[in-house]
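Structural characterization, general
Each chain, letter by letter, is given below.
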Amino acid sequence: MIKLLVGLGNPGTEYEATRHNAGFWWIDTAARDLKVSLQPDRAYHGLVARTSVKGENVWLLEPQTFMNLSGKSVGALARFFKIQPQEILVVHDELDITPGEAKLKLGGSHAGHNGLRDIHAQLGTDQYWRLRIGIGHPGVKSEVANWVLKKPAPDQRSVIEDCITRTSLALPHLLAGDMVKATQMIHTAKPPRPKPPRPATLPGTEKTGDADAEKKQAKGTESN
């Protein structure tokens, strides 16, 4: 089961609404669902909450170390409570996923994400779970730093928030350790596609609901 839920972001009001803080947004939603309140804890360099799920302690953590030192916070809490890497879920923003979508995976490269890079170093392994919240890519590598530290446009923020709401529904499965079910829920939680416009009705082809009337209309057309 997952015993430590970590959201990545940067502390401070100037960063609250930036794309890089999508992990914080998810943990805030999880805290509301679990009816707990995150509180500052200097020992773990972050905002921390603890709850119990089916007799097991579950921790929520938002590191306040700034993104590049996220592992300092995660490592301190995990080591003290003897939480194994496979029992940790790190929620973070993901450039390579479209806003509105998310992916769950175990292990793998940090792919240049500085928060994950430091967690790799502090845990000594990449074998922890990640929930990757799509924020999209600016299209130019040189713009990535500015992109993640800026607020998304209102329409993008809306679909990211919808994604967080939908994926948080998998929380009970994550905490129970049913990662197959959690993955199914998260990977199929995509924004609904807009319905195509209905074709315009040509004059004289309207449905009358009266079969006899339609036949008479057809005969009239043939005689013209």
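Our subject is the structure that appears above.
Keep in mind that this is a model prediction, so the values were computed, not measured.

Structural notes on helix α7 (residues 179–187)
Here α7 has its buried residues at M179, A182 and I186. Taken down its axis, α7 places every buried residue within 60° of arc, on the same side.

Observations concerning the packing of aromatic side chains
Evaluated as defined, the whole model comprises five aromatic pairs. With a centroid separation of 6.2 Å and an interplanar angle of 85°, the aromatic rings of Y15 and F66 are classed as edge-to-face. Within this pair, whereas Y15 is found in the loop between β1 (4–7) and α1 (22–34), its partner F66 is found in the loop between β4 (56–63) and α2 (70–80), the two being separated by 51 residues in sequence. Among the residues examined, F66 registers a relative accessible area of 42% and is labelled partly exposed. Residues Y44 and F81 carry aromatic rings whose centres are separated by 5.8 Å and whose planes lie at 50° to one another, so their mutual orientation is tilted. With Y44 in the loop between β2 (39–41) and β3 (46–53) and F81 in the loop between α2 and β5 (88–94), this pair connects stretches of sequence that are 37 residues apart. Taken together, the ring pairs connect Y44, W59, F80 and F81 into an aromatic cluster. Over the ring of W147 we find R19, and its NZ or CZ is 3.5 Å from the ring centre. Directly above the aromatic system of Y128 lies the positively charged group of R130, at a separation of 4.5 Å from the ring centroid.

Comments concerning the pairing of β1
Burial of β1 is two-sided: the residues L4 and V6 facing one way and the residues L5 and G7 facing the other way are all buried. Relative to β4, β1 runs parallel, the two sharing three bridges. By the bridge assignment, L5 is partnered in β4 with L60.

Reading the values: rules and limits
Residues numbered from 1 in each chain as written. Predicted model: local features only at pLDDT ≥ 70, side-chain atom pairs only at ≥ 80, totals over all residues. Heavy atoms only, no water. Buried < 20%, exposed > 50% of the residue type's maximum accessible area, 1.4 Å probe, protein only. Helix = DSSP H or I, 4+ residues; strand = E, 2+ residues; numbered from the N terminus. Arc of directions from axis to C-beta. Phe/Tyr/Trp six-rings, centres within 6.5 Å; stacked < 30°, edge-to-face > 60°. Lys NZ or Arg CZ within 6 Å of the ring centre and 35° of its normal. Pairing = 2+ DSSP bridges.

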